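# Notes for the structure review
Each chain, written out:
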Amino acid sequence: MSRRREFGLLLLVFAILGLGHWVVWQAYLPVWRAGYPGQDWLVFLGPALMALGWLVLSGILTVRRCPETLLLPLVALLCGIGILFLQRLAGGAAEAELSKAPSLLRDYHKQLVSFGVGWLALAAMLVVKWDYRALSRFKYSIAFTALGLLLITTVFGDAANGQQLTLNLRFIAFQPHDPVKLLLVVFMAAYLAEKRELLSFAAGHRGLLTGLDFRYMGPLVVLWLLVMAIIFVHKDLGTALLLFGAFLGILYLGTNRGRYVVIGLLMFLVGVGVAYTKFERVQTRVAIWQNPWEDSNGAGYQICQALMAFGNGRVIGAGLAGGYPERIPAVETDMIYAAISEDLGLVGAALLLGVILTLVGRLFHIGLRSPDPFGKLLAGGLGVTLAVQAWVILAGVTKLIPLTGVTLPFISYGGTSLVVNLALIGIALNVAYTTPAVDTPAS
Amino acid sequence: MTPLALTLLVVSLVVGAALCAAGIYLRVPRMAMLRGALLLIFIIFLLRLAYWQLLQGDYWQQMSVYNHLRWVRSPAPRGLIVDRQGYPLATNKPALSVWLVSGEVPRDDWDTLLERLVAIGLFPDLKAARAQLEYCHRFPGYQPVRIGSRLTLEIVSRLEEELAFLPGVYLKIEPIRHYPGASTAAHIVGYLREINAEELAAHANAGYRLGDLFGKAGLEREFESELRGMEGGEQVEVDARGRVLRTLSTKPSVPGETITLTLDVAIQRAAEQGLHGHRGAAVVLDPANGDILALASAPAYDLNVLSGKVSRQMLAWLHGSQMPEINRATRGRYPPGSVFKIVTAAAALEAGEVQPNTYYYCDGVYHGIHCWKRSGHGALSLTEAIAHSCNVAFMKQAEAVGIARLSAMGRRFGFGATTGIDVLRESQGTVPDPEWAKAHGQHWRVGDTLQTGIGQSALEVTPLQSARLIAAIANGGKLVHPRLVRSVGDRQYPATEPELIGLKPETVRRITRGLRAVVGEGTARQLDPALRIAGKTGTAQNPGGEDHAWFVGYAPAHAPRVAVAVLVEHGGHGGAMAAPIVESIIRAALQPTNR
Ligand SMILES: [Zn+2]
């Protein structure tokens, strides 16, 4: 019964995206015909393959009797919007004869390939009979893998593109901060789930600093150090913020102690304050954030163009392919939400936000229904991670906080991010396998 | 940060804290707490988004659709390069240039625009115009790219007439580099060209953009970062036609630093005039402290021409056999010829080989090497040997001293090493000895020692080194450290105290007596006695053809104020060719109006 609902929702998603692709196709057909041979019909191939991929996954879930039916359509919609807008931006740039048009088109194709890789990972995780609880046993290996990745990146990393650190191996280049994020969340959930029983006795402390438990303070301090290292060595404020936010969320879920969150926040603020005084780069970022108009054709150009895009979008937007967000630098990565807001307006942007939040809520839901403490923490933690990541980049785009180079999950251009986030969904669905099939009230 | 955003942030923090406290008090389940917290921060974000799209929407929409924000760069005036009296060698003057903002040109109008620009005369033909267009497309559409500078009046007036029909094209007044002296001190001052891709990559963090000017040679290159200053600009709102509606913010530019040289333009000009029509170099030093009063290399070139569009003929000449871009004064390596006899004499005197009653007999040839006077000079004292530049006398001195002590004396006078002016490229030159010969796969013969004594064999010196030699005699045996830059901005570059090179006062006195006799009765006796020049001619044989003409001298002989070295490539006899140039330089240097 419920599997049918998933199928129906997927068809709805495909209908929405198909309509979008048709509009974009209509808008840029002359451009493709004029200068990009083959592109006029190729635009439908990728999305069609993606749709097929989702249907196959849905079939796998049906065979494995997975009770979760909402996750797949939500992720399909988000991935589809990302691909749709990449194509739309490439077309817009080509129409405006911007020099970045070919590279945007290349990014579009690369993103399709990344999706293919992510899909394979996801499909493998759904087909193979493994149990997410195995992750708990390997938690220290996982933590060390994350540390190793960070260390390797410190030595061999290449920060050529400004903010997102890239590890360039011979055949493949990726942003190691994305997998590190996932590995650390898994580790945190496993660690806290294991120490959880030990803690049921320690209760009744009222003060902020009295009765702090080393079992929580230990990892808190270690992770704080790690995050500080990411800020100070890798100079990636966005990933640091997202990691620490996600970590505090999991810590709270695992301990039910608000004081750790408060202490963690204070520690983070101290670290950021030190980074601000020590690094000119951070100061520049903050200065751009506070007053982008100072040099709106230089460093502040990006954020000013984004604000213009918001202004041009208004309530219902300029219409898909109606605005011109392609002028915004890095629109395909950091600024994708500004492009969506310009074309689809406040309404479209809010709806998209709703989809993201529903996805996060769904992960929480899986966590609540999981009979196993590790599963609860894991699914909840993954939800918090996605939520914090989305918030960090969205708040940056709207000049609420300084702009960082974090991707908007599933939507921004970026292969590593897409693959990692699809793997994250794979883990979440694996947790969902173990939840009871019938809807029961949340405990 | 806008007050509204700040208020929003503070209010939301307070509300959030209150909600959290309430949640804890009411023992709300943790998952619900977390959901609430996340929902709260996303509501804040949504409010922020609504703020931009609704409240501030009008403003930004206007910005994006009807108006444009543009950062109008105001380049910093480049620092001046002035001589010791403040006379400018490199300065700035305003000039018109044409800029293109490619993003403002409608796609269908490109061809029309190009044709118009060709018709106006900005480009010779459509092909050239199209090439420039390709260049513009390498930049973001909003960024103005310079497509023409140093325009003729005719082109400017026609551009101004048609500007309304040229979308994206703007005229701009910007300071351009001007060299009032044209070719004065050309090799020292250097020139600017538009920055190229490699330089741009090498100075990626210095904020250069394509189209910016960059020091390509001389001090313009050496002091690029000091001369450049800090660019400023204005944030302006412009309408669709590019007219400025209002200025939003201004950042003043910081002018580049002024570089004050030790040069004296009057002396520099005299040196250049003297060399005019020849290939060669002239160096004028203050023997008391090593200040470079003039340093000229010929042929020179007009720096204003080199800063603009360089014609094909000019380019061919620049890279041709005359090698005008080589600063011959510091990089040219020449056999010193008889100028080196000063060193030979110093070595012989220091070794005690020349007593006041020592006479040399010249019968015109020694060990098969001829004196320039084939019939021979007869008996000569040291003074007479210097005055008449007798080869036989100095070959005998060299033989008596030996190559080890002779080459050591050459090095004490600074030969075979750079003089240490960091700001100009220098050659070391060569002081040969048996070890040098061995390193170059040759055998050192007695004849080589004799040839070295008269400034031939493999000896190579630069005009600057020769000027240092004569300055050392003029100041009583102290080797000066040449200084070209006196100050950069507020920073002084103090002169380095000259170093005694350990000559006996008697040595210097006896060489001085010889140098005075050169002008009084010797190889340069035609020079004006009123100037009281003391010096030494040199006529250096070289494999390239006609002899190089040298003269090194100082004046006034009793209280030297300038030390001069002049070399004329293939100029023939030093006394006939180089000495008159030195005379004219010294005349200019000692003129009362100049000092
Ligand atoms: Zn002789």
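Right above here is the structure, for reference.
Below you will find a few notes about this structure. Quantities reported herein were computed from a predicted structural model and do not represent experimental measurements. (Residues numbered from 1 in each chain as written. Chains lettered and ligands numbered in written order. Predicted model: local features only at pLDDT ≥ 70, side-chain atom pairs only at ≥ 80, totals over all residues. Heavy atoms only, no water.)

Attention now goes to the overall build of chain B. Broken down by element type, chain B carries 23 helices and 23 strands. Looking at chain B as a whole, 52% of its 595 residues qualify as buried. Put simply, chain B shows about 26400 Å² of open surface, and 55% of that area lies on carbon and sulfur atoms. (Helix = DSSP H or I, 4+ residues; strand = E, 2+ residues; numbered from the N terminus. Buried < 20%, exposed > 50% of the residue type's maximum accessible area, 1.4 Å probe, protein only. Areas by Shrake-Rupley, 256 points an atom, 1.4 Å probe, with all protein chains shown as cover.)

Moving on, we get to the environment of T260(B). Residues and elements named next belong to chain B. Secondary-structure assignment places T260 in strand 10 (residues 259-261). Separated by 175 residues in the primary sequence, T260 and Q85 have C-alpha atoms spaced 8.6 Å apart. Excluding residues that lie within four positions of it along the chain, T260 makes contacts with V82, D83, R84, L484, V485, R486 and S487. (Contact = heavy atoms within 4.5 Å.)

We now examine the sheet that holds strand 22 (residues 545-555) of chain B. All names here are of chain B. As summarised here, the arrangement of the five strands in space is 12-11-23-22-21, forming an open sheet in which the pairing is antiparallel. Both edges of this open sheet fall to strand 12 (292-298) and strand 21 (534-542), since each of them pairs with a single strand only. The mean inter-strand angle of the sheet, taken between neighbouring strand axes irrespective of direction, is 5 degrees. Sheet topology note: the strand 11 (residues 280-285)/strand 12 ladder contains six bridges and is antiparallel. Paired with V284 across the strands is A294, a residue of strand 12. Those strands touched by helix 22 (residues 505-520) are strand 21 and strand 22, and its axis lies near 80 degrees from that of strand 21. (Pairing = 2+ DSSP bridges. Axes fitted to C-alpha atoms, helices over the stretch in contact; angles between N-to-C directions.)

So, on to the coordination of the zinc ion. Residue and element names in this part refer to chain B. At the metal site, the zinc ion is ligated by C362 (SG), C371 (SG), H377 (ND1) and C390 (SG), and these contacts range over 2.0 to 2.4 Å. Mapped onto the polypeptide sequence, the residues donating to the zinc ion form the spacing pattern C-x8-C-x5-H-x12-C. Of this pair, C371 sits in the loop between strand 15 (369-370) and strand 16 (378-380) while C390 sits in the loop between helix 16 (382-388) and helix 17 (391-401), placing them 19 residues apart in sequence. One exposure class covers both C371 and C390, and it is buried. (Donors = N, O, S within 2.8 Å, 3.2 Å for Na, K, Ca; no water.)

Here we come to the environment of L352(A). Residue and element names in this part refer to chain A. Take L352: it is sitting in helix 14 (residues 336-369). On the accessibility criterion, L352 (4% relative accessible area) is buried. In the structure, L352 is positioned eleven residues away from S341 in sequence and 9.6 Å away in space, judged by C-alpha atoms. Other than its neighbours up to four places away in sequence, L352 contacts L78, I81, Y337, I340 and I411.

Let's shift gears to the nonpolar core. With 166 residues, the main nonpolar core has W54(A), L378(A) and F410(A) as its most contacted residues. With near-sequence residues (within four places) excluded, W54(A) lies in contact with L10(A), F14(A), L72(A), V75(A), A76(A), C79(A), F115(A), W119(A), L122(A) and L422(A). Ranked by size, the runner-up nonpolar core spans 126 residues in total, among them V189(B), A298(B), A393(B) and M395(B). (Core = buried A, V, L, I, M, F, W, Y, C linked by side-chain atoms within 4.5 Å.)

Below, the discussion takes up the pattern of salt bridges. Residues and elements named next belong to chain B. Under the defined criterion, the tally for this structure stands at 23 salt bridges over all chains. Among the salt bridges present, the one from D111 reaches R130, with a minimum N-O distance of 3.4 Å. Taken as a pair, D111 in helix 4 (residues 110-120) and R130 in helix 5 (residues 126-136) lie far apart in primary sequence, 19 residues in all. Residue R130 is classed as partly exposed on the basis of its relative accessible area, which comes to 36%. Among the salt bridges present, the one from E583 reaches R587, with a minimum N-O distance of 3.5 Å. A residue pair is termed a helical-turn pair when its members lie 3 or 4 positions apart in one helix, as E583 and R587 do in helix 23 (residues 574-590) at four residues. Put simply, R78, R177, E220 and E224 are held in one network by salt bridges that share partners. (Salt bridge = Lys/Arg side-chain N within 4 Å of Asp/Glu carboxyl O.)

Honestly, that's just the spatial picture; any functional story needs more than this.
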